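The residues making up each chain are set out below.
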Amino acid sequence: LSNNRNLKFSFLFPEQMERNGVELLGPCEIVCEGLLYSKKDLDALDQDFYQARSVTDQVNAEVKAVKGRNEAPKKWNFKTNRWEKRYPNQSVVSSVGNRLKQWTAGIAEESQNRKRPKPLELSLESGEFPGIDCNVYIKKDGLIKLKVFGLDRVIGSWSAEPLNDNPASYYRPSY
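Overview of the structure. (Residues numbered from 1 in each chain as written. Predicted model: local features only at pLDDT ≥ 70, side-chain atom pairs only at ≥ 80, totals over all residues. Heavy atoms only, no water.)

## Focus: the state of the cysteines
Every disulfide links exactly two cysteines, by a covalent bond between their sulfur atoms. Summed over all chains, the structure comprises zero disulfides. Take C28: it sits in no disulfide, and the sulfur closest to it among the cysteines is that of C32, at 12 Å. Classification of C28 as buried rests on a relative accessible area of 2%. (Disulfide = S-S within 2.5 Å. Buried < 20%, exposed > 50% of the residue type's maximum accessible area, 1.4 Å probe, protein only.)

Right, dumping it as structure tokens:
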């Protein structure tokens, strides 16, 4: 376990082995790699995303307010007997600056969202893991690699559910 998130374990086969039509040339090593997410990690990732989303919401509100001022109905000026705009037009530089802020905030929000695992990518339950002080979720679709003669080849994927005292359930609520 490295960085309290990257899980890696391996099986070493010092000599050739064959079983059920599968042959492993020895010496070889099967390496399983995956990710763990503690509840604290998930909460921190969510908090970072919510902060980025609040910036996006604030910038979107500013752009909407400027658009509302630009599209506001005209008012009648009794002195000149003409319809006039209620608010002065925003400068082109200011308008481009607001759109740029909106674009960069959207990119930052999307970047934070990609860092968070989706609930369907994680194990159904959380459980204890040695060396980590709180329960963890295991990310599905970890890699299984075969190392032979210094070459790595991906040969499959793995997933696991943490051991806990809860009854086994493969039902994932939709809420």
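## Some details on the environment of K8
Mapped onto the elements, K8 comes out in strand β1 (residues 6-13). Measuring from C-alpha to C-alpha, the distance between K8 and I144 comes to 9.9 Å, with 136 residues separating the pair along the chain. Not counting residues up to four positions away in its chain, the partners in contact with K8 are V31, C32 and E33. (Helix = DSSP H or I, 4+ residues; strand = E, 2+ residues; numbered from the N terminus. Contact = heavy atoms within 4.5 Å.)

## Digging into a nonpolar patch on the surface
On the surface, W76, F78 and W83 cluster together into a nonpolar patch covering about 420 Å² of accessible area. Topologically, F78 is positioned in the loop between β5 (75-77) and β6 (82-84). (Patch = residues over 30% accessible without salt bridge, like charges linked within 9 Å, V, L, I, M, F, W, Y side chains within 5 Å. Areas by Shrake-Rupley, 256 points an atom, 1.4 Å probe, with all protein chains shown as cover. Salt bridge = Lys/Arg side-chain N within 4 Å of Asp/Glu carboxyl O.)

## Here we look at the pairing of strand β4 (residues 28-38)
Taken across its 11 residues, β4 has eight buried, putting it largely inside the fold. Sheet topology places β1 next to β4; eight bridges connect them, and they run antiparallel. Considered in β4, the bridge of L7 is made with G34. Pairing geometry for β4 and strand β9 (residues 142-148), over six bridges, is antiparallel. If you follow C28 over to β9, its bridge partner there is V148. Pairing geometry for β4 and strand β8 (residues 132-138), over three bridges, is antiparallel. Paired with S38 across the strands is V136, a residue of β8. (Pairing = 2+ DSSP bridges.)

## Observations concerning the pattern of salt bridges
Enumeration over the complete set of coordinates arrives at eight salt bridges. For R5, the salt bridge is made with D41, and the minimal N-O distance between the two is 3.6 Å. Taken together, the residues R5 in the segment before β1 and D41 in helix α1 (residues 39-70) connect sequence positions 36 residues apart. You can call D41 partly exposed: its relative accessible area is 21%. Two residues, D133 and K40, come together in a salt bridge whose shortest N-O distance is 3.1 Å. On the criterion of sequence distance, the pair formed by D133 in strand β8 and K40 in helix α1 is long-range, its members being 93 residues apart.

## So, the side chain of S123
Its location among the elements puts S123 in the loop between α2 (92-115) and β7 (127-129). Exposure remark for S123: the relative accessible area of 1% places this residue in the buried category. At 2.8 Å, the side chain of S123 and the backbone oxygen of E125 are in polar contact. (Polar contact = N/O pair within 3.5 Å; in protein donor to acceptor, adjacent residues only side chain to side chain.)

## Details of the packing of aromatic side chains
Counted according to the given criterion, the structure contains four aromatic pairs. Summarising the aromatic geometry, the rings of F9 and W158 are spaced 5.5 Å apart at their centres and angled 70 degrees between planes, so their arrangement reads as edge-to-face. A residue pair is termed long-range when its members are at least 10 positions apart, and F9 in strand β1 and W158 in strand β10 (residues 151-158) qualify at 149 residues. Using a relative accessible area of 32% as the deciding quantity, one classes F9 as partly exposed. Taking the relative accessible area as the measure of exposure, W158 reaches 14% and is therefore buried. A ring pair is formed by W76 and W83, whose centres lie 5.2 Å apart and whose planes are at 70 degrees; its orientation type is edge-to-face. Sitting over the face of the ring of F49, R116 holds its NZ or CZ atom 4.0 Å from the ring centroid. (Phe/Tyr/Trp six-rings, centres within 6.5 Å; stacked < 30°, edge-to-face > 60°. Lys NZ or Arg CZ within 6 Å of the ring centre and 35° of its normal.)

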